[in-house]
Amino acid sequence: IRYCFAFGKVPGSVIFRENDKIESLGNIEEIKGDLGFSDSNIKNLGKLNTVNGSIWIAQSKRGIFTQITSLNNLEYVGKDLNLKNSPIKTLGNLKHVGGILNLRNTNLKDFGKLETVSSNLLLSNYIKENLDTTKIKVGGKIKYFNDQPKKPQ
């Protein structure tokens, strides 16, 4: 059984887990609170454009993980965006992150349309050479970490 959502706005926060069997956020365009993925099999964000809170991805020791490689239509995250250890490759249409943007231990290829990170931008040293941060307005600091290179997915 596979599910996707058909309504446009979620009035609060939502967390998707493995047992939810959600593969797409479908027609959801806005989430007023936070969006979390914990051992989720999510494949795409559907029509999602705005998350007023934070977005985070968590993985347990079982190894089940999101399959999201692009943020597609998402343009605005009001607070933190934590994509650490995810298979993300591009930020797509994302323009604004209102807090910390954590991209440590990813295989990110490009920042997409990213314009603003209001707090710190966290990156792994091994992707430093491949990404141009000069076009992004960072309100805090750009911090690099000595993470081990992530195996390509």
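Note: the structure precedes this text.
Presented here is an overview of the structure given in this document. In this text, all values refer to a predicted model and were calculated from it rather than measured experimentally.

What to know about the sheet that holds strand S15 (residues 137-138)
Within the open sheet, the seven strands sit side by side as S2-S5-S7-S9-S11-S13-S15. Their pairing is parallel. At either margin of the open sheet sits one strand with a lone partner, and together these are strand S2 (9-10) and S15. With two bridges connecting them, strand S7 (residues 50-51) and strand S9 (residues 76-77) associate as parallel partners. Note on S9: the bridge partner recorded for valine 51 is valine 77.

Quick word on the pattern of salt bridges
Counted according to the given criterion, the structure contains four salt bridges. Put simply, glutamate 30 and lysine 9 hold a salt bridge, and the shortest N to O gap is 3.7 Å. Remark: lysine 9 occurs in strand S2 and glutamate 30 occurs in strand S5 (residues 30-31); sequence separation between them is 21 residues. One network of salt bridges, with partners in common, ties together Lys9, Glu30 and Lys32.

Let's talk about the sheet that holds strand S3 (residues 14-17)
Ordered by their spatial adjacency, seven strands build an open sheet running S3-S6-S8-S10-S12-S14-S16, and the pairing between neighbours is parallel. If you trace the sheet from one side to the other, it starts and ends with S3 and strand S16 (142-145), each paired once. As judged from the four bridges shared by strand S14 (residues 121-124) and S16, these two strands associate in the parallel manner. Considered in S16, the bridge of serine 124 is made with phenylalanine 145.

Observations concerning unusual backbone geometry
Phi at aspartate 39 is positive, roughly 55°, even though this residue is not glycine. Within the chain, asparagine 85 stands out as a residue other than glycine whose phi angle is a positive 65°. Tracing the backbone through its elements, the reader meets asparagine 85 in the loop between strand S10 (81-82) and strand S11 (96-97). Looking at asparagine 85, the relative accessible area reads 27%, which means it is partly exposed.

Describing the nonpolar core
In this structure, Leu35, Leu71, Leu91, Leu103 and Phe111 are the most contacted members of the largest nonpolar core, which totals 37 residues. Listing elements by their share of this core, those giving two or more residues are S3, strand S6 (35-38), strand S8 (55-58) and S14. In contact with leucine 103, not counting residues within four places along its chain, are Leu83, Ile88, Leu91, Leu108, Phe111, Leu121, Leu122, Leu123 and Ile127.

A word on the side chain of serine 70
As for its position among the elements, serine 70 is in the loop between S8 and S9. At 3.0 Å, the side chain of serine 70 forms a polar contact with the side chain of asparagine 72. Once you skip the residues sitting within four places of it in the chain, serine 70 turns out to touch Ile88, Thr90 and Gly92.

Regarding the packing of aromatic side chains
The tally for this structure, following the rule as stated, stands at one aromatic pair. On the basis of an interplanar angle of 20° and a centroid distance of 5.9 Å, the ring pair of phenylalanine 16 and phenylalanine 37 is categorised as stacked. With phenylalanine 16 in strand S3 and phenylalanine 37 in strand S6, the pair connects residues that are 21 residues apart, well separated along the chain. Accessibility classification places phenylalanine 16 together with phenylalanine 37 in one group, the buried group. Directly above the aromatic system of tyrosine 144 lies the positively charged group of lysine 128, at a separation of 4.5 Å from the ring centroid.

Quick look at empty space enclosed by the protein
To find leftover empty space, one rolls a probe the size of a water molecule over the atoms. Applying the stated criterion across every chain, the model contains one cavity of 30 Å³ or more. Empty space within the largest cavity amounts to approximately 50 Å³. In terms of lining, the largest cavity is formed by Leu35, Phe37, Leu45, Ile55, Ile57, Ile68, Leu71 and Leu83. Of all the elements in the fold, those that place two or more residues in the lining of the largest cavity are S6 and S8. For the lining of the largest cavity, the class distribution of residues is eight nonpolar, no polar and no charged.

The rules behind each value
Residues numbered from 1 in each chain as written. Predicted model: local features only at pLDDT ≥ 70, side-chain atom pairs only at ≥ 80, totals over all residues. Heavy atoms only, no water. Pairing = 2+ DSSP bridges. Helix = DSSP H or I, 4+ residues; strand = E, 2+ residues; numbered from the N terminus. Salt bridge = Lys/Arg side-chain N within 4 Å of Asp/Glu carboxyl O. Buried < 20%, exposed > 50% of the residue type's maximum accessible area, 1.4 Å probe, protein only. Core = buried A, V, L, I, M, F, W, Y, C linked by side-chain atoms within 4.5 Å. Contact = heavy atoms within 4.5 Å. Polar contact = N/O pair within 3.5 Å; in protein donor to acceptor, adjacent residues only side chain to side chain. Phe/Tyr/Trp six-rings, centres within 6.5 Å; stacked < 30°, edge-to-face > 60°. Lys NZ or Arg CZ within 6 Å of the ring centre and 35° of its normal. 1 Å grid on protein atoms, 1.4 Å probe; cavity = no way out; pocket = protein on both sides within 12 Å on 5 of 7 lines; lining within 4 Å. Points joined across faces, edges and corners; volume = space filled by probe spheres on them. Nonpolar A, V, L, I, M, F, W, Y, C, P; charged D, E, K, R; others polar.

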